Each structure stands twice: as structure tokens, then as C-alpha cells.
Amino acid sequence: MARLYKCYGTCGNKYEKTELVVHSNKNYCKPCYEKIINETESRKTLYNLIKTHYGVTFPTSMHLAQIKKVKELNYTYDDMILGLRYCVDVLHLKFRPNMGFGYVSNNIEAAKMHYKELEEKQQHNDNIFSDNVLQHKTVKVAKIDNTNNLKKSKFINLEDILC
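The rules behind each value
Throughout, residues of each chain are indexed from 1 in the direction in which the sequence is written. The predicted origin of the model limits local features to residues at a pLDDT of at least 70 and limits the giving and counting of side-chain atom pairs to 80 or more, whereas totals for whole chains, interfaces and linings rest on all residues. Note: side-chain values were computed over all heavy atoms of the structure, leaving out hydrogens and water. Secondary structure follows DSSP: runs of H or I at least 4 residues long count as helices, runs of E at least 2 residues long count as strands, and numbering of each begins at the N terminus. A 1.4 Å probe rolled over the protein chains alone gives each residue an accessible area, and that area as a share of the maximum for its type sets the label: buried under 20%, exposed over 50%, partly exposed in between. Expected span, for any helix, means 1.5 Å times one less than how many residues it has. Contacts are residue-level and defined by heavy atoms, with any inter-residue pair within 4.5 Å sufficient. Whenever Lys or Arg places a side-chain nitrogen within 4 Å of a carboxyl oxygen from Asp or Glu, that contact is recorded as a salt bridge. Like-charged residues within 9 Å of one another, or nonpolar side chains (Val, Leu, Ile, Met, Phe, Trp, Tyr) within 5 Å, are grouped into patches, provided each residue has over 30% relative accessible area and no salt bridge. Surface accessibility in these figures is a Shrake-Rupley result with a 1.4 Å probe; residues are shielded only by whichever protein chains are displayed. Pairs of cysteine sulfur atoms within 2.5 Å are identified as disulfides in what follows. The quantity called pLDDT is the predictor's confidence in a given residue, expressed from 0 to 100.

J.: Would you mind going over the overall build of the protein with me for this structure?
T.: When its secondary structure is counted, the protein shows seven helices and four strands. Counting helices and strands in the order they occur from the N terminus, the protein gives β-β-β-β-α-α-α-α-α-α-α. Judged by the C-alpha coordinates and their principal axes, the protein covers about 125 × 55 × 25 Å. By the burial criterion, 22% of the 163 residues in the protein qualify as buried.

J.: So what exactly am I meant to see when it comes to helix H1 (residues 30-54) here?
T.: Residues that lie three or four places apart on an α-helix share one face, since the helix turns once every 3.6 residues. Taking 1.5 Å per residue as the helical rise, H1 with its 25 residues ought to reach 36 Å, and the 36 Å between its terminal C-alpha atoms agrees with that figure. Looking only at H1, the buried set comprises Cys-32, Thr-40, Ser-42, Leu-46, Tyr-47, Leu-49, Ile-50 and Tyr-54. Where H1 is buried, its residues contact strand E4 (26-28), helix H2 (61-72), helix H3 (77-89) and helix H4 (102-106). Gly-55 occupies a position one or two residues after H1 and carries a positive phi of about 75 degrees.

J.: Honestly, the pattern of salt bridges in this entry has me stumped. Any pointers?
T.: Think of it this way: side chains of opposite charge can pair up when their charged atoms draw near. Counted according to the given criterion, the structure contains two salt bridges. Here Lys-71 ties to Glu-39 by a salt bridge, and the two come within 3.7 Å at their closest N and O atoms. Here Lys-71 is found in helix H2, whereas its partner Glu-39 is found in helix H1, with 32 residues between them in sequence. The residue Asp-79 makes a salt bridge to Lys-112 at a minimum N-O spacing of 3.9 Å. Of the two residues, Asp-79 sits in helix H3 while Lys-112 sits in helix H5 (residues 108-128), which places them 33 residues apart along the sequence. The class of Asp-79 is buried, set by a relative accessible area of 13%.

J.: Just checking my understanding: could you explain the environment of Ser-61 for this structure?
T.: Within the element layout of this structure, Ser-61 appears in helix H2. Separated by 26 residues in sequence, Ser-61 and Cys-87 place their C-alpha atoms 21 Å apart.

J.: Explanation requested: a nonpolar patch on the surface in the structure shown.
T.: A contiguous nonpolar patch, built from Val-90, Leu-91, Leu-93 and Tyr-103 and spanning about 310 Å² of accessible area, is present on the exposed surface. With respect to the helices and strands, Val-90 occurs in the loop between H3 and H4.

J.: What should I look at first to understand the state of the cysteines in this one?
T.: The term disulfide refers to a covalent linkage connecting the sulfur atoms of a pair of cysteines. Throughout the structure, instances matching the rule amount to zero disulfides. In this structure Cys-11 is not part of a disulfide, and its nearest cysteine sulfur, from Cys-7, lies 3.6 Å away. Overall, the relative accessible area of 30% leaves Cys-11 in the partly exposed class.

J.: Please clarify how the confidence of the model for the protein should be interpreted in this entry.
T.: Close inspection of predicted coordinates is inappropriate in any region flagged by low pLDDT. Summing up the model confidence of the protein, the mean pLDDT is 88 and the portion of residues at 70 or higher is 95%. At the low end of the mean pLDDT range in the protein sits helix H7 (residues 158-162), at 75; at the high end sits H3, at 95.

Below is the structure:
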């Protein structure tokens, strides 16, 4: 019987060594590994957005502490990214290095609602303009009768005059 190793992800199950992936000297099953990688990428993206919009070289300790508090409220890094983009793109807020992350954390729910509505509108537009709705129909036009009855009635038949 082979030795079983523990997955350090959220599942906590035990697997054989061949079924696990090593990341940062810890063993993860494939679903947990994908979650860890996605979370790491989202965190890096959030930090880069903070660097860009706040004008800092790295998020300050105040930012990191506030991000940790928001994370404890069961929000993901993707939710925080949506909140930051909402504040910048929709609300047109300008951030300074000494400002905290509170504006973003207070607008996360509004951002989620805003982007959900945009997605629903996009799906509605896709349904309207799908191939099923737009169908090409050929229209046959009958030849128009160009005879002018008034013109015919004005003609004088010369044969009728001679007789």
C-alpha cells in the first residue's frame, strides 16, 4: 500500500504522491492547485492596480491591513478588483498615496450590481441580434403595369375620322 499525502488546499483530503502537485513546497490536489493559482494571480492584479491608481511602488501596510479586513468579510480579490475599477471608471475617483482602501471596500456591492447589470444588458443584446432573429427573406416584386389609361383615352384614332 502506497503512502498517502495530505492536500494543503481547502479539501484537506489525502492522495497518492502521483496525484498531487507541488507548489511552494506544499502538496495540492489539482482542483485546489487551480484555486491557489487563480487567487495568487488575482492578488497580483489587485496589487498592480493599487500601484497604478494610488501612485505607490507597493501597497502600503494600511492598504494591506484593509485588504485583509475585506477578505475576512468573505470578499475575494476579484471582488476588490471590481470595486477598484468601479471607483476609477464609473465614479471617476482619483486616489492619492495617503488614501486608504475604504472607498473601494465601501463600493464593492455597488460595483458587483453595476457589472451584473452590464452583463445582463450584453446578454439581452446578444439575444436580440443573434442569427435566429436576423433572417434573410427574399421579396419578389411583380412587374409594374406601365400602361397609362388616361394617355390612351386622349389618343385620336385617325381612321375613325375618315369614315
